[in-house]
Every structure is written in C-alpha cells, then in structure tokens.
Amino acid sequence: MKLVRFLSRKNKKNWFAVWLNVVVMFGFLVTAAQSYAGENNADMRAFLEQMPKAELHLHLEGSLDPQTVSRLANNNDLNFFNSADDVKKSLSNREPGLNGFLSHYNKALQVLKTQDDFYNATYELLRILDQNNIIYVDLFFDPQEHTRRGISFDEFFNGIDKGRIEGEKAFGIKVNLIMCINRNLSVQSAIEALEQAE
C-alpha cells in the first residue's frame with residue numbers, strides 16, 4: 001500500500017526524483033570505474049565484479065541454475081534433466097524466441113514440487129547472487145504456475161520464504177519477494193491468488 005501511495009499522481013515528482021538520482025548515480029559509477037580501471041578491460045571487469053550490486057527484476061522460476069534443476073529432477077525421480085549437461089543442452093537447443101524460452105521454462109518448472117524444492121531453489125539462487133556480489137534483489141515468484149499444478153500456496157510460499165530468510169542470514173542479501181499475477185490467465189485466477197496470499 002505504501003508503494004501505491006508513493007507512486008500515486010501527487011507523488012510523481014518524488015518518483016521522478018528517485019529515478020533521476022539512480023541515473024546520476026549510475027553515471028557517476030561508470031565514470032568512477034573508467035577512471036579507476038583506465039583502458040584495461042581486465043581491471044574494469046574486476047572492478048565491476050567487486051562492486052556491490054542490486055538485482056531489480058529476477059524471477060525465481062526462470063533463474064534456476066542447471067545444477068539445481070538436475071538435482072531437483074533426480075530428487076523427484078523425473079526422467080528428464082538428470083544432469084546439468086542435460087539442462088544446458090535443453091537451453092542451447094531450444095527454439096529461438098519466446099516460444100523456445102517458455103518450452104524450456106515449463107519443463108524446468110516441473111522440478112519444483114515440494115516445500116523443500118522451493119527452499120533449495122531460493123537458497124541456491126541467493127548463493128549464486130552472493131558470488132556475484134548482489135546485495136539486494138527484487139525476487140519475483142509466480143503462484144498461479146504452482147497452484148495450477150496442484151501445489152498449495154502455503155507449500156511453495158513457505159519454502160520460498162524459508163530460503164529467503166536463511167539466505168539473507170547466510171549471505172547478507174536483502175530480498176524483497178514480489179508475487180506475480182499472470183495476465184494470460186483469468187481475472188478470477190488472479191483474485192484467487194491474491195486471496196490465498198492474504
């Protein structure tokens with residue numbers, strides 16, 4: 001509710017000020033990086049890798065690394081994605097564009113079945129973000145994709161939230177969970193997802 005009020009018409013000036021500060025700060029960081037690293041690309045890469053970063057739009061279900069996908073597939077006795085190489089082949093051999101992405105995404109989604117799966121997926125993602133010096137993440141999750149597969153809201157959300165809490169403690173990353181509503185599904189489905197989240 002605070003975000004809605006912040007972004008309301010009377011606060012457009014504040015929103016613009018925040019945006020402008022982000023743009024100015026980004027420009028400052030790029031200039032600082034260039035003067036620090038000079039013309040050496042290796043120095044620039046090292047500087048950028050060490051710099052604390054924020055990930056402002058990351059979907060849990062679309063960000064599972066190949067090792068996590070194969071481990072969860074094996075834990076759930078699935079007959080696909082039995083190795084990280086299988087997952088990588090699926091990614092590299094997929095049809096280009098959105099349809100290819102969705103085909104792989106929908107298959108990888110099937111490895112998430114239990115609360116522990118969602119916990120492990122979330123915790124492992126935060127571990128990888130920590131390796132990239134991400135200190136803040138807006139992490140999106142899609143309840144409708146899971147409830148349509150017969151997984152209760154509490155089952156998957158408790159796993160995600162436990163992974164978030166333990167990942168924040170272990171890696172010092174601040175995580176903001178954001179629930180997605182799938183616009184390709186019905187309004188009734190969206191309402192049901194919101195009611196389950198309350």
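One structure accompanies this document, and this report is about it.

## A look at the overall build of the chain
Phase 1: Within the chain, the regular secondary structure consists of ten helices and three strands.
Phase 2: Along the chain, helices (α) and strands (β) appear in the sequence α-α-α-β-α-α-α-α-β-α-α-β-α when read from the amino end.
Phase 3: Across the 198 residues that make up the chain, the buried fraction comes to 34%.
Phase 4: Residue pairs in contact within the chain that sit at least 24 positions apart in sequence constitute 70% of those at least 6 positions apart.

## Examining a nonpolar patch on the surface
Phase 1: A cluster of nonpolar side chains, contributed by Leu98, Phe101 and Leu102, occupies part of the molecular surface with about 260 Å² of accessible area.
Phase 2: Relative to the assigned elements, Leu102 resides in helix α6 (residues 98–109).

## A short note on the packing of aromatic side chains
Phase 1: Under the counting rule described, the total for this entry stands at nine aromatic pairs.
Phase 2: Measuring from ring centre to ring centre gives 5.8 Å for Tyr119 and Tyr123, while their planes differ by 25 degrees; the resulting arrangement is stacked. Note that Tyr119 and Tyr123 are positioned in helix α7 (residues 115–131) at a spacing of four residues, about one turn of the helix.
Phase 3: Taken together, a centroid distance of 5.8 Å and an interplanar angle of 20 degrees make the contact between Phe153 and Phe157 stacked. One end of the pair, Phe153, and the other, Phe157, are both in helix α9 (residues 153–171), four residues apart, so they sit about a helical turn from each other.

The rules behind the values
Chains are numbered independently. Their residues run from 1 in the order of the written sequence. In view of the model being predicted, local features appear only for residues whose pLDDT reaches at least 70, and side-chain atom pairs are presented and counted only at 80 or more, with totals across whole chains, interfaces and linings using the full set of residues. Water and hydrogen atoms were dropped before computing side-chain values, which therefore reflect all heavy atoms in the structure. In this text, helices come from DSSP runs of H or I with a minimum length of four residues, and strands from runs of E with a minimum of two, each type numbered from the N-terminal end. Each residue is assigned to one of three classes by its accessible area relative to the maximum for its type, calculated with a 1.4 Å probe on protein chains only: buried under 20%, partly exposed between the two thresholds, exposed over 50%. Two residues form a contact once any of their heavy atoms are found within 4.5 Å. What makes a patch is a set of residues exposed beyond 30% relative accessible area and free of salt bridges, joined within 9 Å when like-charged and within 5 Å when nonpolar (Val, Leu, Ile, Met, Phe, Trp, Tyr). Computed with the Shrake-Rupley method and a 1.4 Å probe, the accessible areas treat only the protein chains shown as cover for residues. Think of a salt bridge as a Lys or Arg side-chain nitrogen and an Asp or Glu carboxyl oxygen that are within 4 Å of each other. The pairing test for Phe, Tyr and Trp rings, Trp by its six-membered ring, is centres within 6.5 Å, and the orientation test on the planes gives stacked under 30 degrees, edge-to-face over 60, and tilted for anything in between.

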